Amino acid sequence: MLYLELMTTEGCHLCEHAIAVLQSVLQPGDAEVDLVDIAFDDRLLERYATSIPVLRAPASGKELGWPFNESDLRRYLKDVGAG
């Protein structure tokens, strides 16, 4: 199963939109998505503070930054090996 991380933080309204896009595209069993709160890691905070939400595939290091829509997400998933 594909493992993804969504870089986020509490109160991020754009992150809520990104989650909605993920929910509209991903079916059960397609991928495991962990929400990673960047506020608890100084390294992540420095890297993503001005760019969240960012979807990341740790296995490849490939990222999909906001804004993205359903088509963008499908292309990204194909690129990182899903489906």
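Residues numbered from 1 in each chain as written. Predicted model: local features only at pLDDT ≥ 70, side-chain atom pairs only at ≥ 80, totals over all residues. Heavy atoms only, no water.

**Regarding the side chain of Glu-5**
Working step 1: Of note, Glu-5 is situated in strand β1 (residues 2-8).
Working step 2: Among the polar contacts listed, one links the side chain of Glu-5 to the side chain of Tyr-3, at a separation of 3.4 Å.
Working step 3: Setting aside anything within four residues of it in sequence, one finds Glu-5 in contact with Asp-34, Val-36, Val-54, Leu-55, Arg-56 and Pro-58. (Helix = DSSP H or I, 4+ residues; strand = E, 2+ residues; numbered from the N terminus. Polar contact = N/O pair within 3.5 Å; in protein donor to acceptor, adjacent residues only side chain to side chain. Contact = heavy atoms within 4.5 Å.)

**Here we look at the pattern of salt bridges**
Working step 1: For the structure shown, the criterion picks out six salt bridges.
Working step 2: A salt bridge links Arg-56 to Glu-5; the nearest nitrogen and oxygen atoms lie 3.4 Å apart. Separated by 51 residues along the polypeptide, Arg-56 in strand β3 (residues 54-57) and Glu-5 in strand β1 bring together distant segments of the chain.
Working step 3: Between Arg-47 and Glu-63 there is a salt bridge, and its shortest N-O distance comes to 3.0 Å. Placement of the pair is Arg-47 in helix α2 (residues 42-48) and Glu-63 in strand β4 (residues 62-65), with a sequence separation of 16 residues.
Working step 4: The class for Glu-63 is partly exposed, based on a relative accessible area of 31%. (Salt bridge = Lys/Arg side-chain N within 4 Å of Asp/Glu carboxyl O. Buried < 20%, exposed > 50% of the residue type's maximum accessible area, 1.4 Å probe, protein only.)

**Regarding the nonpolar core**
Working step 1: Leu-4, Leu-55, Leu-73, Tyr-76 and Leu-77 are the most contacted members of the largest nonpolar core, which has 17 residues in total.
Working step 2: Among the secondary structure elements, those contributing two or more residues to this core are β1, α1 (13-25), β3 and α3 (70-79).
Working step 3: Broken down by element, this core gets its largest block of residues, four residues, from α1.
Working step 4: Among all residues touching Leu-55, those that are not within four sequence positions of it are Leu-4, Glu-5, Leu-6, Leu-22, Lys-62, Glu-63, Leu-64, Leu-73 and Tyr-76.
Working step 5: Formed by nine residues, the second largest nonpolar core is a distinct cluster that contains Cys-12, Cys-15, Val-36 and Tyr-48. (Core = buried A, V, L, I, M, F, W, Y, C linked by side-chain atoms within 4.5 Å.)

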